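# Coordinate analysis (summary)
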Amino acid sequence: MNEQDHVTLNKQIQRDLDEVRREAAKAYSVDREIDPVPDSAYDDLWSLLALLPEDIPAPDPGWAEDGSLSLEW
């Protein structure tokens with residue numbers, strides 16, 4: 001993967017995570033029975049993604065009602 005592809009991939013992952021963040025925040029604002037996703041979870045997810053080899057396809061991020069994030073391939 002060349003540098004431009006890597007930058008494009010990071011931008012796509014950032015857009016996906018921004019969407020997940022909006023969805024999780026909206027769900028929490030409607031239903032306070034679920035746990036909010038802490039900012040540290042997003043930071044930790046970025047740290048994990050930085051460790052992955054570049055030849056791994058981009059994962060699809062998601063969130064859960066327990067305040068956790070997930071990655072699916």
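Below is a summary of the structure that appears in this document. This is a predicted model, so every value here is computed, not measured.

Criteria and cut-off values
Residues numbered from 1 in each chain as written. Predicted model: local features only at pLDDT ≥ 70, side-chain atom pairs only at ≥ 80, totals over all residues. Heavy atoms only, no water. Salt bridge = Lys/Arg side-chain N within 4 Å of Asp/Glu carboxyl O. Helix = DSSP H or I, 4+ residues; strand = E, 2+ residues; numbered from the N terminus. Buried < 20%, exposed > 50% of the residue type's maximum accessible area, 1.4 Å probe, protein only. Core = buried A, V, L, I, M, F, W, Y, C linked by side-chain atoms within 4.5 Å.

### Observations concerning the pattern of salt bridges
The tally for this structure, following the rule as stated, stands at one salt bridge. Put simply, Arg 21 and Asp 39 hold a salt bridge, and the shortest N to O gap is 2.9 Å. On the criterion of sequence distance, the pair formed by Arg 21 in helix H1 (residues 3-30) and Asp 39 in helix H2 (residues 39-51) is long-range, its members being 18 residues apart. We classify Asp 39 as exposed; its relative accessible area is 53%.

### Notes on the nonpolar core
With 12 residues, the main nonpolar core is built from Leu 9, Ile 13, Leu 17, Val 20, Ala 24, Val 37, Ala 41, Tyr 42, Leu 45, Leu 49, Leu 69 and Leu 71. For this core, the secondary-structure elements that each account for two or more residues are H1, H2 and strand S2 (69-72). Top contributing element to this core by residue count: H1, with five residues.

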